[in-house]
Amino acid sequence: MHRLTPILLLALTAAPAVVSAAPRAPAPIAAAVAAPTRAPANTARDRYRHPAGTLAFFGVKPTDTVVEVWPGGGWYTEILAPLTAARGRYYAAGPWEKGLNAVRGLQSKDAATYGKVQLAALPAQPGQPTVPDGAADVVLTFRNVHNWRFGGEDQARQMFAAMFRMLKPGGTLGVVEHRLPEARDAAAEEKSGYMKPSSVIGYATAAGFKLAGKSEINANPKDTADWAGGVWTLPPSYALKDVDRAKYAAIGESDRMTLKFVKPR
């Protein structure tokens with residue numbers, strides 16, 4: 001169980017005020033979100049994932065070196081690759097053998113859009129390509145902290161330490177994660193897919209990050225975060241298949257925290 005230290009409690013007390021709405025997305029972000037190369041199934045989820053506002057809140061610019069950690073199915077790859085193609089750089093960092101297959105698939109399908117994406121192993125074995133230390137302006141990870149927590153406290157700590165090393169001093173870490181209410185038993189983090197904000201902040205603070213901001217742009221008050229099948233009960237997974245599907249569709253995707261951290265200069 002993740003326990004709060006006195007230092008972390010002080011950090012939480014002095015945390016920045018919550019931003020209810022993300023800033024209006026700059027034109028380059030809006031254009032990347034509107035890219036015709038995005039899959040229709042992915043754009044249909046914009047109303048839940050709010051990519052334009054989320055990236056604007058994190059301060060992502062087209063000139064940045066951006067690392068997305070554990071990109072999964074490549075949902076954000078479809079946005080970040082065109083956003084950074086002309087003047088920036090985009091790394092997709094994940095388990096080398098299988099964790100980057102979706103991104104490789106995008107590259108094979110559309111080299112013009114995704115050919116410049118750089119793949120990096122995380123965690124890495126000797127000889128595998130990695131993100132150089134201090135190379136990134138921004139590191140982003142979406143709905144992955146619970147996966148690391150499933151691997152144990154040590155894996156979660158190691159992943160945050162790795163993200164810290166990737167960043168330049170003054171660089172930004174952006175985290176979106178399924179949110180478990182603070183009053184809940186932390187044991188729920190071990191199987192539900194939800195994480196307490198204090199746990200995520202704890203991992204980041206322990207790695208050396210400073211909390212710089214919070215946004216409610218990805219909040220969903222309809223999600224009670226207490227589903228017997230965990231977060232996967234809700235769309236898009238629908239773990240129960242057709243059982244109460246209309247009910248879960250009406251709730252929508254999970255309630256999510258959106259946290260911005262900085263690496264001190």
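This text goes with the structure placed above it.
Read on for a plain summary of the structure.

Rules used throughout
Residues numbered from 1 in each chain as written. Predicted model: local features only at pLDDT ≥ 70, side-chain atom pairs only at ≥ 80, totals over all residues. Heavy atoms only, no water. Helix = DSSP H or I, 4+ residues; strand = E, 2+ residues; numbered from the N terminus. Rg over C-alpha atoms; globule rule 2.2 N^0.38 Å. Buried < 20%, exposed > 50% of the residue type's maximum accessible area, 1.4 Å probe, protein only. Areas by Shrake-Rupley, 256 points an atom, 1.4 Å probe, with all protein chains shown as cover. Axes fitted to C-alpha atoms, helices over the stretch in contact; angles between N-to-C directions. Parallel < 35°, antiparallel > 145°, perpendicular 65-115°, else oblique. Left-handed = near helix turned anticlockwise from the far one by under 90°. Contact = heavy atoms within 4.5 Å. Nonpolar A, V, L, I, M, F, W, Y, C, P; charged D, E, K, R; others polar. Core = buried A, V, L, I, M, F, W, Y, C linked by side-chain atoms within 4.5 Å. Salt bridge = Lys/Arg side-chain N within 4 Å of Asp/Glu carboxyl O. Phe/Tyr/Trp six-rings, centres within 6.5 Å; stacked < 30°, edge-to-face > 60°.

### Quick notes on the overall build of the protein
Helix and strand content of the protein: 12 helices and eight strands. In terms of overall dimensions, the protein is globule-like: its C-alpha atoms have a radius of gyration of 18 Å, near the 18 Å expected for 265 residues. Considered along the principal axes of its C-alpha atoms, the protein spans approximately 45 × 45 × 40 Å. Classification of the 265 residues of the protein by burial places 51% in the buried group. When the accessible surface of the protein is summed, it comes to about 12000 Å², and 56% of that surface belongs to carbon and sulfur atoms.

### Comments concerning the packing of helix α10 (residues 153-166) against helix α11 (residues 197-207)
Running from N to C, α10 and α11 cross one another at 55 degrees; their axes reach a closest spacing of 8 Å. Classified by the angle between their axes, α10 and α11 sit oblique to one another. For the crossing formed where α10 meets α11, the hand is right-handed. Listed contacts from α11 to E153, A156, R157, F160, A161 and F164 of α10 are V200, Y203, A204 and A207. Residue composition of the contact of α10 with α11, grouped by class: eight nonpolar, no polar and two charged.

### Quick look at the environment of Y114
Relative to the helices and strands, Y114 is located in helix α8 (residues 111-114). For the pair Y114 and A85, spaced 29 residues apart in sequence, the C-alpha separation works out to 8.3 Å. Non-local contacts of Y114, meaning those with residues more than four positions away in its chain, are made with T37, T77, E78, A81, L106 and Q107.

### Some remarks on α11
For α11, the tally of buried residues reaches nine of 11 residues, placing the bulk of the element in the interior. Looking only at α11, the buried set comprises P197, S198, S199, V200, I201, G202, Y203, A204 and A207. Remark: G208 follows α11 within two positions and exhibits a positive phi of approximately 115 degrees.

### Some points on the nonpolar core
Counting 34 residues, the largest nonpolar core has V69 and F160 as its most contacted members. Those elements that provide at least two residues to this core are β2 (65-69), β3 (89-94), β5 (136-142), α9 (145-150), α10, β6 (167-178), α11 and β8 (256-262). Among the elements that take part in this core, α10 stands out by supplying seven residues, more than any other. When sequence neighbours within four positions are dropped, the list of residues in contact with V69 reads A93, L122, V139, L140, T141, N144, W148, M159, M163 and M166.

### Focus on the pattern of salt bridges
What the rule picks out here adds up to 11 salt bridges. Put simply, E153 and R149 hold a salt bridge, and the shortest N to O gap is 3.7 Å. Bridged by salt links that share partners, the residues R149, E153, D154, R157 and E190 form one connected network.

### Description of the packing of aromatic side chains
Using the criterion set out here, one finds 10 aromatic pairs in the structure. When the centroid spacing of 5.7 Å and the interplanar angle of 50 degrees are considered together, the rings of F57 and F58 count as tilted. This pair shows no difference in class: F57 is buried, exactly as F58 is. Relative to W232, the ring of F150 lies with its centre 6.3 Å away and its plane at 45 degrees, an arrangement referred to as tilted. In this pair, F150 sits in helix α9 while W232 sits in the loop between β7 (210-215) and α12 (245-251), placing the two residues 82 residues apart along the sequence. Residue classification places F150 among the partly exposed residues on the basis of a relative accessible area of 35%.

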